[in-house]
Amino acid sequence: MEQDAAPLEIILQEIEHAIASRMYYLAIAISLSLPDICGALEDNGWATGAKYEAWFDQNVAPHYEYLRGHACYKLRSGVLHQAQPGQPGDHFKRVYFILPTRRNNVLRESVHNQGETPETAHIAAIGLSAVEFCQQMVASVRTWYIAKKDEPNMVTNLPNLLQFRPMGLFPFYYGAPVIG
């Protein structure tokens, strides 16, 4: 773990290390939590579904034809809380992540659609490249952070982010590394 990196950058580096180590579930789960983290940093320090959706729509959705904040928030809730790809009644009946293979045929967004347009479609399933999805989330956070890092809420909230502390967390625990 790089000690001098900003707290948010350490999280992004760990996603990249998870991908490199072929720990895709871990990379996907942490990537799905990034809009919560960023939405909270940008506002009052607390995450909400509305902040998640707005952050995703502003920073990530432009890279996808079908995936939007509301659907990604439901995907995040399903993956993080039930280890399932969403909840009943979602716009998508199923989301799946395509893993790298020797043939390395990666689809950015594969849609099995039962409707005509993205706005009216009843999509049966959407397939996302696990690696590209995580990389897009990381890249979106880095771009967003550069633009927002000096805003007052960011300056106030960033020190409270769960982070690597090489000498502990004084006065609670010190002399050894902690994440806190």
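This text follows the structure it describes.
So, here's what we can say about the structure. It should be emphasised that the depicted structure is a prediction, and the values quoted were computed from it without experimental measurement. (Residues numbered from 1 in each chain as written. Predicted model: local features only at pLDDT ≥ 70, side-chain atom pairs only at ≥ 80, totals over all residues. Heavy atoms only, no water.)

## Section: the packing of helix H1 (residues 7–20) against helix H5 (residues 130–148)
- As a packed pair, H1 and H5 sit with axes 10 Å apart at the nearest point and diverge in direction by 165 degrees. Classified by the angle their axes make, H1 and H5 are roughly antiparallel. For the pair H1 and H5, the crossing hand works out as left-handed. On the side of H1, the interface is formed by Leu8, Glu9, Leu12, Gln13, Ile15, Glu16 and Ile19, while H5 contributes Val131, Cys134, Gln135, Val138, Val141, Arg142, Trp144 and Tyr145. (Axes fitted to C-alpha atoms, helices over the stretch in contact; angles between N-to-C directions. Helix = DSSP H or I, 4+ residues; strand = E, 2+ residues; numbered from the N terminus. Parallel < 35°, antiparallel > 145°, perpendicular 65-115°, else oblique. Left-handed = near helix turned anticlockwise from the far one by under 90°. Contact = heavy atoms within 4.5 Å.)

## Some details on the nonpolar core
- Leu32, Leu67, Phe97, Leu128, Phe133, Val141 and Trp144 are the most contacted members of the largest nonpolar core, which totals 41 residues.
- Those residues in contact with Leu32 that lie beyond four places of it in its chain are Tyr52, Cys72, Leu75, Arg76, Val79, Phe133 and Met137. (Core = buried A, V, L, I, M, F, W, Y, C linked by side-chain atoms within 4.5 Å. Buried < 20%, exposed > 50% of the residue type's maximum accessible area, 1.4 Å probe, protein only.)

## Some words on the packing of aromatic side chains
- Here the structure, examined in full by the defined rule, presents five aromatic pairs.
- Among the aromatic side chains, those forming a connected cluster through ring pairs are Tyr64, Phe97 and Phe133. (Phe/Tyr/Trp six-rings, centres within 6.5 Å; stacked < 30°, edge-to-face > 60°.)

## As for the packing of helix H3 (residues 49–59) against H5
- Where H3 contacts H5, the axes come no closer than 10 Å and their chain directions differ by 90 degrees. As summarised for this structure, H3 and H5 are arranged roughly perpendicular, according to the angle between their axes. Residues Trp55, Phe56 and Asn59 of H3 lie in contact with H5, whose contacting residues are Met137, Ser140, Val141 and Trp144.
- Tallied by class, residues from the contact of H3 with H5 come to five nonpolar, two polar and no charged. (Nonpolar A, V, L, I, M, F, W, Y, C, P; charged D, E, K, R; others polar.)

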